[in-house]
Amino acid sequence: MAETKREIERKYESDDSGLPDLTGAAGVASVLDQGVAELDATYYDTSDLRLAAASITLRRRTGGSDAGWHLKLPVAAGVRDEIRAPLSDAVPDELAGLVRSRVREGQLVPVVRLRSERDVRLLLDAEGRLLAEASVDAVRADRLFGGEGRAQWTEIEVELADGGDPALLDKLDKRLRKAGVRPSQSASKLARALAETAPRKKRAKAKGQAKGKPAVGKGKDAAEAAGAGRKASDREPVTAGDHVLAYVRAQRDAILALDPAVRQEAEDAVHDMRVATRRLRSTFRSFRKVLDRGVTDPIGVELKWLAGELGVGRDQEVLAERLGAGLEDVPHTLVSGPVAERLQTWAKAQHHGSRGRLLGVLDSARYLALLDALDAFVADPPLRKAAEGKPAKVLAKAVRKDLGKVSDLVERAMAEPSGHDRDEGLHEARKKAKRTRYAAETATPAIGDRAKALAKSMKSLQSLLGEHQDSVMARQALRELSAVAHAAGESAFTYGLLYGREERRAELVEEELPAAWEEIRDAAEV
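About the thresholds
Residue indices follow the written sequence of each chain, beginning from 1 at its first position. Given that this is a predicted model, residues contribute local features only at a pLDDT of at least 70 and side-chain atom pairs are listed and counted only at 80 or more, while totals for whole chains, interfaces and linings are drawn from all residues. Calculation of side-chain values draws on the structure's entire complement of heavy atoms; hydrogens and water are dropped beforehand. Comment: elements are numbered from the N terminus, with helices defined as DSSP H or I runs of at least four residues and strands as E runs of at least two. Burial status follows relative accessibility: with a 1.4 Å probe on protein chains alone, a residue under 20% of its type maximum counts as buried, one over 50% as exposed, and anything between as partly exposed. All accessible areas in this document rest on Shrake-Rupley with a 1.4 Å probe, and a residue is counted as covered only by the protein chains that are shown. The sign given to each residue is positive for Lys and Arg and negative for Asp and Glu; His and the chain ends receive no count. By convention, the point assigned to a charge is CZ for Arg, NZ for Lys, CD for Glu and CG for Asp. It only takes one pair of heavy atoms within 4.5 Å for two residues to be counted as in contact. Helix span, expected: 1.5 Å multiplied by one less than the number of residues in the helix. To obtain the bend at a residue, axes are fitted to the seven residues ending there and to the seven starting there, and the angle between these axes is taken. Note on method: axes are straight lines fitted to C-alpha atoms, helices fitted across the in-contact stretch only, with angles between N-to-C directions ranging 0 to 180 degrees. If an angle is under 35 degrees, it is roughly parallel; if it is over 145, roughly antiparallel; if it lies from 65 to 115, roughly perpendicular; otherwise it is oblique. Here a crossing is taken to be left-handed if its near helix is turned anticlockwise relative to the far helix by less than a right angle, and right-handed if that turn runs clockwise. Residue classes follow a fixed rule: Ala, Val, Leu, Ile, Met, Phe, Trp, Tyr, Cys and Pro count as nonpolar, while Asp, Glu, Lys and Arg count as charged, and any other residue, Gly among them, counts as polar. Paired rings are identified among Phe, Tyr and Trp, the last through its six-membered ring, by centres lying within 6.5 Å, and are further divided according to the angle between planes into stacked (under 30 degrees), edge-to-face (over 60) and tilted (the rest). A pairing counts as a salt bridge when a side-chain nitrogen of Lys or Arg comes within 4 Å of a carboxyl oxygen of Asp or Glu. A pair of strands is labelled paired if DSSP reports no fewer than 2 bridges between them.

Novice: I'd love a proper account of the overall build of the chain, names of residues and values included.
Specialist: A tally of helices and strands in the chain yields 16 helices and eight strands. Over its C-alpha atoms, taken along the principal directions, the chain stretches across nearly 80 × 60 × 45 Å. Across the 526 residues in the chain, those meeting the buried criterion constitute 45%. For the chain, the accessible area works out to roughly 26,600 Å², and carbon and sulfur atoms hold 50% of it. Looking at charge distribution, the chain has the averaged site of its 88 positive side-chain charges lying 7 Å from that of its 85 negative ones.

Novice: Explain the environment of His243 residue by residue, including any values.
Specialist: Mapped onto the elements, His243 comes out in helix H8 (residues 240-263). Along the primary structure His243 and Pro391 are separated by 148 residues, whereas in three dimensions their C-alpha atoms are 7.4 Å apart. If we skip the residues at most four places from it in the chain, His243 touches Pro237, Pro391, Leu395, Thr442, Pro445 and Ala446.

Novice: Let's hear about H8: which residues, and what values?
Specialist: For H8, built from 24 residues, the straight-helix expectation of 34 Å at 1.5 Å per residue is met to within 8% by its first-to-last C-alpha distance of 36 Å. Where H8 bends most, at Ala257, the angle is about 30°, and the proline Pro260 comes one to four residues later. Among the 24 residues that make up H8, 18 are buried, leaving the element largely enclosed by the rest of the structure. Just downstream of H8, Glu265 is the residue with a positive phi angle, here 60°.

Novice: Can you explain the packing of helix H9 (residues 269-286) against helix H10 (residues 293-328)? Please cite residues and give values.
Specialist: Axis angle and axis distance: for two packed helices, these are the angle between their axes and the distance between the axes, and together they describe the pair. At a minimum axis distance of 9 Å, the contact between H9 and H10 shows a crossing angle of 155°. Between H9 and H10, the interaxial angle falls into the category roughly antiparallel. The chirality of how H9 crosses H10 is left-handed. Where H9 abuts H10, its residues Val270, His271, Met273, Arg274, Thr277, Arg278, Leu280, Arg281 and Phe284 lie against Thr296, Ile299, Gly300, Leu303, Lys304, Leu306, Ala307, Leu310, Gly311, Arg314 and Asp315. Here the contact of H9 with H10 is built from residues that sort into nine nonpolar, five polar and six charged.

Novice: Tell me about the packing of aromatic side chains, and please be specific about residues and values.
Specialist: Counting across every chain of the model gives two aromatic pairs. Look at Tyr44 and Trp69: their rings are 5.2 Å apart centre to centre, the planes differ by 50°, and that puts the pair in the tilted class. With a gap of 25 residues between them, Tyr44 in strand S2 (residues 30-45) and Trp69 in strand S4 (residues 68-76) connect regions that are remote in the sequence. We classify Trp69 as buried; its relative accessible area is 0%. Note on Phe284 and Phe377: the rings are 5.1 Å apart at their centroids and 50° apart in plane angle, and the pair reads as tilted. Here Phe377 lies in helix H12 (residues 365-379) and Phe284 lies in helix H9, a separation of 93 residues in the sequence. Taking relative accessible area as the criterion, Phe284 reaches 2% and is therefore assigned buried.

Novice: Break down the pattern of salt bridges for me, citing the residues and quoting the values.
Specialist: With the rule as written, the count across this model stands at 54 salt bridges. A salt bridge links Glu7 to Lys72, with the shortest nitrogen-to-oxygen separation between them at 2.9 Å. Taken together, the positions of Glu7 in strand S1 (residues 3-13) and Lys72 in strand S4 put the pair 65 residues apart, joining distant regions of the chain. Lys72 carries the same exposure label as Glu7, and that label is buried. Asp40 is the salt-bridge partner of Arg113, the closest N and O atoms lying 2.5 Å from each other. Within this pair, whereas Arg113 is found in strand S6 (residues 109-124), its partner Asp40 is found in strand S2, the two being separated by 73 residues in sequence.

Novice: I'd like to hear about the environment of Val136, residue by residue, with values.
Specialist: Turning to its location among the elements, Val136 is positioned in strand S7 (residues 130-143). Looking at Val136, the relative accessible area reads 15%, which means it is buried. Taking C-alpha positions, Val136 is 57 Å from Gly326, a pair spaced 190 residues apart along the chain. Each residue touching Val136, except ones within four places of it in the same chain, is listed here: Ser14, Gly18, Leu19, Glu117, Arg118, Asp119, Thr154, Glu155 and Ile156.

Novice: Provide a residue-level description of the sheet that holds strand S5 (residues 79-85), including the pertinent values.
Specialist: Strand order in the closed barrel formed by eight strands is S1-S5-S4-S3-S2-S6-S7-S8, with antiparallel pairing between adjacent strands. The average angle at which neighbouring strand axes cross in this sheet is 35°, direction not considered. Looking at chain direction, S6 and S7 are connected through 13 bridges and run antiparallel. By the bridge assignment, Leu123 is partnered in S7 with Ala132. Where helix H4 (residues 167-178) meets the sheet, it contacts S1, S6, S7 and strand S8 (150-160), and its direction lies at approximately 20° from that of S1.

Novice: Any details on the side chain of Ser116? Residues and values, ideally.
Specialist: The topology assignment puts Ser116 in strand S6. Judged by its relative accessible area of 6%, Ser116 falls in the buried class. If we skip the residues at most four places from it in the chain, Ser116 touches Ala37, Glu38, Leu39, Ala138, Val139 and Lys189.

As structure tokens, then:
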């Protein structure tokens, strides 16, 4: 079974002088010499280095105190989550699953072998507690695939102890810099090894770009040379198409980054991935004057499918929490029968079934094909003529159109009598409010505060209508649970009580909505 450890560290260049004395810095009372460890690690990636491009490392390492397989996923600068699995000959299935969204139909092959002599020091406080681990690593790198030759260097690594305060590393950093030690130019040993053992032609191009020389060549070579300089995603958006594509790219990146977290059941990961899929689909629909529907519509269908699959577990989780909270508010004298137990059993059964189904979705050919389609879209976006237009004009027009649809839906729904038709109408209005919010988010960098204010207003409306829809779904679940309880010979009284309370919550939203909508509409001008 794999285990996860949060790794917070800093890397520095090193010369023959080794590790400066850190005694007295940042509360370090003593430095304990742990001797030298011999580490031998083989790093795996696809032939086109997809993991490295995403700052992900996967290695099999022997030697030291943590021999085994290590998968490192980026969290922030200098922060990674390391997932460890026991030593084996092949890549463990669990780790292979966590990188499937990157690898897809590709194969993991050994790309680099790193052998290090690690001279380890433990930094302790006055009570002997571990603050951090500092090491001097003498590294030898051998390219195994896609490159040539060997590289070697020495570096200093300082890693925070589990549960330590990251501010400690800032204080140690000051001491190291004062001693003449400089931060490493590479984010990881693997990144440096790949750069220094790349084919000579690519290394020459990278150096040329670093010096400001123009890229030369055609096709793939030119793209690779340009990639050594400023990436398209780093450039400031200029046209309407630039702004839309920047938003699309961010959501595509979010889906890829969240995939491992969803597989690990990280908190809010499913919700966040679902939001990213909805943002993408909404963007495709809102900016049809910018993006070619012939390309976006088929992708939108697949995004809707993915959002639906993600929602199976997420909706049940939210619903179970709502019903549980509602039951806690009921006086115990009004709880008739094993209601809490039945709710727990229902929630666990729903979670177990949805969990297995979701993992199947993430491993499916359909999901991987969707990721391929998103990559292809970003690489060669199907822009229409309006994409070249002024962002403030083109984007604002699309946002106003979406806002108009929200207005029509809210007014139409509230004109219906209380019941199914009104519930359905308000649910549709909620979905369009989300779409308008995401369109406003896309437009905010170009339009500024007006679009930002609209996004905020639509979020408020979305929350209000969401409370109404949650009540609708809760009442449906309570009807089903009460029927099961009644069939088992149990009292259905408490389910009816909870149903009545949910019905009243929906009525309160409907009473509040007209005034709230008028206020939002008056403020929503783009």
